[in-house]
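Reading the structure
Here's the letter readout for the chains.
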Amino acid sequence: MEQFIEVHIKEGKRLINLRWVEKIHENPDGCATIYFAFNRPNYIDQDYMRVDESYNEILREIWR
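Conventions used here
- Residues numbered from 1 in each chain as written.
- Predicted model: local features only at pLDDT ≥ 70, side-chain atom pairs only at ≥ 80, totals over all residues.
- Heavy atoms only, no water.
- Helix = DSSP H or I, 4+ residues; strand = E, 2+ residues; numbered from the N terminus.
- Buried < 20%, exposed > 50% of the residue type's maximum accessible area, 1.4 Å probe, protein only.
- Polar contact = N/O pair within 3.5 Å; in protein donor to acceptor, adjacent residues only side chain to side chain.
- Contact = heavy atoms within 4.5 Å.
- Pairing = 2+ DSSP bridges.
- Core = buried A, V, L, I, M, F, W, Y, C linked by side-chain atoms within 4.5 Å.
- Salt bridge = Lys/Arg side-chain N within 4 Å of Asp/Glu carboxyl O.

Examining the side chain of Asn 27
- Looking at the element boundaries, Asn 27 is found in the loop between strand 3 (21–26) and strand 4 (32–36).
- On the basis of relative accessible area, Asn 27 is assigned to the buried category, the value being 10%.
- A distance of 2.9 Å separates the side chain of Asn 27 from the side chain of Thr 33, its partner in a polar contact.
- Once residues within four sequence positions are removed from consideration, Asn 27 is found in contact with Ala 32, Thr 33 and Arg 50.

Structural notes on the pairing of strand 3
- The pairing of strand 3 with strand 4 spans five bridges and is antiparallel. Residue His 25 lies in a different strand from strand 4, and its bridge partner there is Thr 33.
- Connecting the antiparallel pair strand 3 and strand 4 is a turn made up of five residues, with Gly 30 showing a positive phi of about 100 degrees.

With respect to the nonpolar core
- The biggest cluster of nonpolar side chains holds ten residues, and these are Ile 5, Val 7, Ile 9, Ile 16, Ala 32, Ile 34, Phe 36, Met 49, Val 51 and Ile 58.
- Elements with a minimum of two residues in this core: strand 1 (4–9), strand 4 and strand 5 (48–51).
- In contact with Met 49, not counting residues within four places along its chain, are Val 7, Ile 9, Arg 14, Ile 16, Ala 32, Thr 33, Ile 34 and Phe 36.

Let's talk about the pattern of salt bridges
- The full count for this structure, using the stated rule, is two salt bridges.
- In this structure, Arg 50 and Asp 29 form a salt bridge, with 2.2 Å as the shortest nitrogen-oxygen distance. Placement of Arg 50 in strand 5 and of Asp 29 in the loop between strand 3 and strand 4 is noted, with a sequence separation of 21 residues between them.
- Given a relative accessible area of 42%, Arg 50 falls into the partly exposed group.
- Its salt-bridge partner being Arg 64, residue Glu 61 comes within 3.0 Å of it at the nearest N-O pair.
- On the accessibility criterion, Arg 64 (75% relative accessible area) is exposed.

Quick look at the pairing of strand 4
- In terms of burial, strand 4 is a largely internal element, five of the five residues being buried.
- Across the two faces of strand 4 the burial is the same, with Ala 32, Ile 34 and Phe 36 and Thr 33 and Tyr 35 all buried.
- Examined bridge by bridge, strand 4 and strand 5 share four bridges and lie antiparallel to one another. Across the sheet, residue Thr 33 finds its bridge partner in strand 5, namely Arg 50.

Next up, the structure:
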């Protein structure tokens, strides 16, 4: 499952399919936001997920 990484959010663990990730943004509070390359139906804004991991932790998981 090299195309997936596990991340944590308030509700628990999630697996992220890296094929759908468009960009990863580092937030001022140290957490990361993952933006996806698709929108939910009838939504204008890009779909994203704010995770507990830092930007650097996400990068380590991707390159592992």
